[in-house]
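# Observations on the three-dimensional arrangement
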2 protein chains.
Amino acid sequence: MADSKPLCSRDGDPMAAEALLRDVFGIIVDEVIRKGTSASEKVCEWKEPEELKQLLDLELRNQGEASEQILARCRAVIRYSVKTCHPRFFNQLFSGWDPHALAGRIVTESLNTSQYTYEIAPVFVLMEEEVLKKLRALVGWSSGDGVFCPGGSISNMYAVNLARYQRYPDCKQRGLRALPPLALFTSKECHYSIKKGAAFLGLGTDSVRIVKTDERPSQLLSSACLLQGAVPFLVSATSGTTVLGAFDPLEAIADVCQRHGLWLHVDAAWGGSVLLSQTHRHLLDGIQRADSVAWNPHKLLTAGLQCSALLLRDTSNLLRRCHGSQASYLFQQDKFYDVALDTGDKVVQCGRRVDCLKLWLMWKAQGGQGLERRVDQAFALAWYLVEELKKREGFELVMEPEFVNVCFWFVPPSLRGRQKCPDYSERLAKVAPVLKERMVKAGSMMIGYQPHGTRGNFFRMVVANPALTRADMDFLLNELERLGQDL
Amino acid sequence: MADSKPLCSRDGDPMAAEALLRDVFGIIVDEVIRKGTSASEKVCEWKEPEELKQLLDLELRNQGEASEQILARCRAVIRYSVKTCHPRFFNQLFSGWDPHALAGRIVTESLNTSQYTYEIAPVFVLMEEEVLKKLRALVGWSSGDGVFCPGGSISNMYAVNLARYQRYPDCKQRGLRALPPLALFTSKECHYSIKKGAAFLGLGTDSVRIVKTDERPSQLLSSACLLQGAVPFLVSATSGTTVLGAFDPLEAIADVCQRHGLWLHVDAAWGGSVLLSQTHRHLLDGIQRADSVAWNPHKLLTAGLQCSALLLRDTSNLLRRCHGSQASYLFQQDKFYDVALDTGDKVVQCGRRVDCLKLWLMWKAQGGQGLERRVDQAFALAWYLVEELKKREGFELVMEPEFVNVCFWFVPPSLRGRQKCPDYSERLAKVAPVLKERMVKAGSMMIGYQPHGTRGNFFRMVVANPALTRADMDFLLNELERLGQDL
């Protein structure tokens, strides 16, 4: 039975809806933006999972709750969430915040549209194209194509799919069985999404051939691969590796790709933002020779999760040919405007979030200048940290950093001077997990650690938050000394 | 050179940042929430692409802009964007809004974390599990697994990838070439993402075998397929097709799958929300026999883009086995808490947006009851529309709807009574595009149209916005009559 009035529920009242949103906005300003970015507050409020479940009362019931309860729930969600904008959150490749980017994200959420047709996303179809054009210009391309993807892993997958389609267009219809066995090349330092992607795309992880980073790029195509009958089709180089922040030598790799007719993909998800810096962009010299580039402005540029661009040098409409399926209910050809603007058929998603506005608005506010200053400052602070770290006993660099990842061991008092003991490495590797537990339970800071190759656990400090100062670097070192003084 | 102060830019000032956000929030309340949902305002403000580019001044420059300019940009972005929450936006399978869901989305954006580890997303790891458990319970499963994906297309791809991995675990490492040729079955009415997914996953679109919807499900596995040597491994049924809103007979299809040992995937991206309604959930009878279900609460439940769950009956950790790669920098095994909580290795993404909070908060506020009422009201309003449409001259139903998609032709005065003319269908097919242009340029409403099989363009009205009333249905019919009176 149809009701002639709108839904009779709490949210049917526009005034109540506005009041709720106003209150939630106030909570966000107080708890996330003020307290959540204040060094005098905790970066996290650790709870054991079972206790947290009780505190949150997660169960979804039949009966709805009043606004006051909903507001209390928002407070609890924020209270027990990690404050990734906090100046002591060093844990991931993203941290900190930009008010313009956040404004763009809130506007995006309120407009709630999908990035597939000019019909329902006129502003964002044009804006995405403009933002991608700017990113391409920084790569060094005056033309090309691209799209925002839900994360760098999927951008990398796109590159692999496009490369195989370009070489074997039959693949789309007939599948991999109609093709010779394929091989793609990358380094041991590549992001794990390359292997995940190879599995997902049906190539299998065996198709990923690992080139040792100390091998010369010209040895990239080993005769072993050719003997096995696999056809090399793509090289994935990395600009800014996840742990060490290393940059592959793109010019040399591009030479090899050119010689052998291979698609060159550059996974610059992390390092791409360095292109903004006149001082440091030489780290990516040669990137303009790539066929595709993955670049995540949600990392160093604090655009907000997720903002992940796949950029292409291609001007032959490869994206649309590779992924298009011309769904007639969405991409009607008899529309009254130029249907080339309906860019949704370039992707394997149907509905797709708007990821351009946050970056666009931040860029408008900061200008390329402001963003460049951020990148330069991150480098400068990372170098400051390295210098300070060298002055202190008990800190040992894993390597001189190329980028803003500063990797080091904290050697606690009981292990200092005992490098020659047979169990030194084993004992040192146990230090980081203990300190991590202590810092998280204290809520004083968060920093990641990992083993790497033959190296035992070490810390990876990431200088990404634009609000960081030298004082935060000093704090990091002091706090590790404090937390580890009894070890 | 390191600077001892935070970034010297406009956003370095916390008061200015707060003021900007407060102003943007005010603009959102005025322009999106009040005017954007008011029937007396336009649903869209059509501009030709070239004019819109001028109006938006999209170019990204080196110099930043002051706050007042940024606020003006927010206003322009909103002004020229389509108002998908407007009561006259009937264009997609999503429309309307829920203030609690929007509150959840804004909190999500402000917290800006990634859904991969308990370490940095403790609240959301637990919350996602609880929300998925609730959705599984509605499917009829007391255990299982699942994950939120960036849209239904990727949920469907996951299902296909999981099905092939379950049957041939070798695939992950050795790829599709190590497997026999595979075939999956679906109907002509399936979403286009099934074919897109088959291409992306390396199976090729040829591996998708289309079963005619008027065939009996038992004829699903044609001998032709078996003769070609392809191994059937999955059937994808649809609950709520995109255009017609039809529901496949799941019990009968499940019988076939059971008999032949096939994975049954149900693409309930659109229809899944009907499970909330005691009155209508019979449309999905048999769904509990599926192996996987895709369900998008961002559609009928207005959770906000994107909220797309892939639900699995599996309890053997298939997701993690199929997609996991144990990246040591993220999923360290020596953490101080139960690393089973680090759910990020279940997916092919690395960073993944938090998509659970918006649905959780809305559910807490509305209760299952409130959401059920919404679903029932949408059905009731769709039936009201059908009855009204039948009373009027010039409207012709494509078929009696099963769901809230009401598909119909508007037959303009000049074509009435001329069904027997040889060019009738051709002329009728040209009506919808003309009316679409007129309504968009007037900004009076937006409704989709498409051809379908042998049928020429017809309108697809979608009753999804929970704020709709009978008056909006009457408006739709009146407006089409008004716009088309001279045709």
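Each value, and the rule that gives it
- Residues numbered from 1 in each chain as written.
- Chains lettered and ligands numbered in written order.
- Predicted model: local features only at pLDDT ≥ 70, side-chain atom pairs only at ≥ 80, totals over all residues.
- Heavy atoms only, no water.
- Helix = DSSP H or I, 4+ residues; strand = E, 2+ residues; numbered from the N terminus.
- Buried < 20%, exposed > 50% of the residue type's maximum accessible area, 1.4 Å probe, protein only.
- Areas by Shrake-Rupley, 256 points an atom, 1.4 Å probe, with all protein chains shown as cover.
- UniProt positions renumbered as here; feature names shortened; annotations may be inferred.
- Contact = heavy atoms within 4.5 Å.
- Pairing = 2+ DSSP bridges.
- Axes fitted to C-alpha atoms, helices over the stretch in contact; angles between N-to-C directions.
- Least-squares fit on C-alpha atoms with pLDDT ≥ 70 in both.
- Parallel < 35°, antiparallel > 145°, perpendicular 65-115°, else oblique.
- Left-handed = near helix turned anticlockwise from the far one by under 90°.
- Nonpolar A, V, L, I, M, F, W, Y, C, P; charged D, E, K, R; others polar.

Before going further, it helps to spend a moment on the overall build of chain A. Each helix and strand in chain A was counted, giving 15 helices and 12 strands. By principal-axis analysis of the C-alpha atoms, chain A measures approximately 75 × 70 × 45 Å. Considering chain A as a whole, with its 487 residues, one finds that 67% of them fall into the buried category. Carbon and sulfur atoms form 49% of the exposed surface of chain A, whose accessible area is close to 16400 Å².

Next up on the list: the side chain of B:Ser95. Here B:Ser95 is to be found in the loop between strand S1 (89–90) and helix H4 (99–111). You can call B:Ser95 buried: its relative accessible area is 3%.

Residue and element names in this part refer to chain A. Here the UniProt-annotated "modified residue: N6-(pyridoxal phosphate)lysine" (unreviewed entry) positions come out as Lys299. Along the chain, Lys299 falls in the loop between strand S7 (292–295) and strand S8 (308–312). Given a relative accessible area of 15%, Lys299 falls into the buried group. If we ignore the near neighbours within four places in the chain, the residues touching Lys299 are Leu93, Phe94, Ala269 and Trp270.

Moving on, we get to the sheet that holds strand S6 (residues 263–267) of chain B. Residues and elements named next belong to chain B. Within the open sheet, the 7 strands sit side by side as S2-S8-S7-S6-S5-S3-S4. Their pairing is mixed. Two strands close off the open sheet at either side, each with one partner strand: strand S2 (145–149) and strand S4 (208–211). In this sheet, neighbouring strand axes are inclined to one another by 20° on average, regardless of whether the strands run parallel or antiparallel. With 4 bridges joining them, strand S7 (residues 292–295) and strand S8 (residues 308–312) adopt antiparallel strand pairing. Note that in S8 the partner of Val293 across the bridge is Leu311. Against the sheet, helix H5 (residues 122–139) contacts S2, S7 and S8, and its axis sits at roughly 110° relative to S2. This element, helix H8 (residues 193–200), spans strand S3 (182–187), S4 and strand S5 (231–238) of the sheet and lies at about 160° to S4.

Attention now goes to the relation of the copies chain A and chain B. If you rotate chain A by 180° and push it 0.0 Å along the axis, it lands on chain B with an RMSD of 0.0 Å. Each copy turns onto its partner about a two-fold axis. Within chain A, the C-alpha atom positioned nearest to the axis of rotation is that of A:Leu201, 2.1 Å from it. Of the interface residues in chain A, 100% have counterparts in chain B that sit at the interface too, so the contact is made through matching surfaces.

Helix packing for two helices is described by the angle between their axes and how far apart those axes are. All names here are of chain B. Look at helix H1 (residues 14–34) against helix H3 (residues 67–79): their axes get within 10 Å of each other, and the N-to-C directions meet at 25°. Overall, the two elements H1 and H3 adopt an arrangement that is roughly parallel. Crossing of H1 against H3: the hand is right-handed. Together, Leu20, Asp23, Val24, Ile27, Ile28, Glu31 and Val32 of H1 and Ser67, Ile70, Leu71, Cys74, Arg75 and Ile78 of H3 make up the contact between the two elements.

Viewed as axis vectors pointing N to C, helix H5 (residues 122–139) of chain A and helix H2 (residues 49–56) of chain B meet at an angle of 75°, and their least axial separation amounts to 10 Å. The orientation of H5(A) with respect to H2(B), classified from their angle, is roughly perpendicular. Taken together, the residues of H2(B) that come into contact with H5(A) (itself represented by A:Pro122, A:Val123 and A:Leu126) are B:Pro49, B:Leu52, B:Lys53 and B:Leu56. Residue classes in the contact of H5(A) with H2(B) are distributed as 6 nonpolar, no polar and 1 charged.

A few words on the sheet that holds strand S11 (residues 446–452) of chain B. Residue and element names in this part refer to chain B. Strand order across the open sheet formed by 5 strands is S1-S11-S12-S10-S9, with mixed pairing between neighbours. Edge positions in the open sheet fall to S1 and strand S9 (395–397), since each of these has one partner strand only. With 2 bridges joining them, S1 and S11 adopt parallel strand pairing. Looking across to S11, one finds that Phe90 is bridged to Ile447. Contacting S1, S9, strand S10 (405–410), S11 and strand S12 (455–462), helix H15 (residues 470–484) runs over the sheet at an angle of about 25° to S10.

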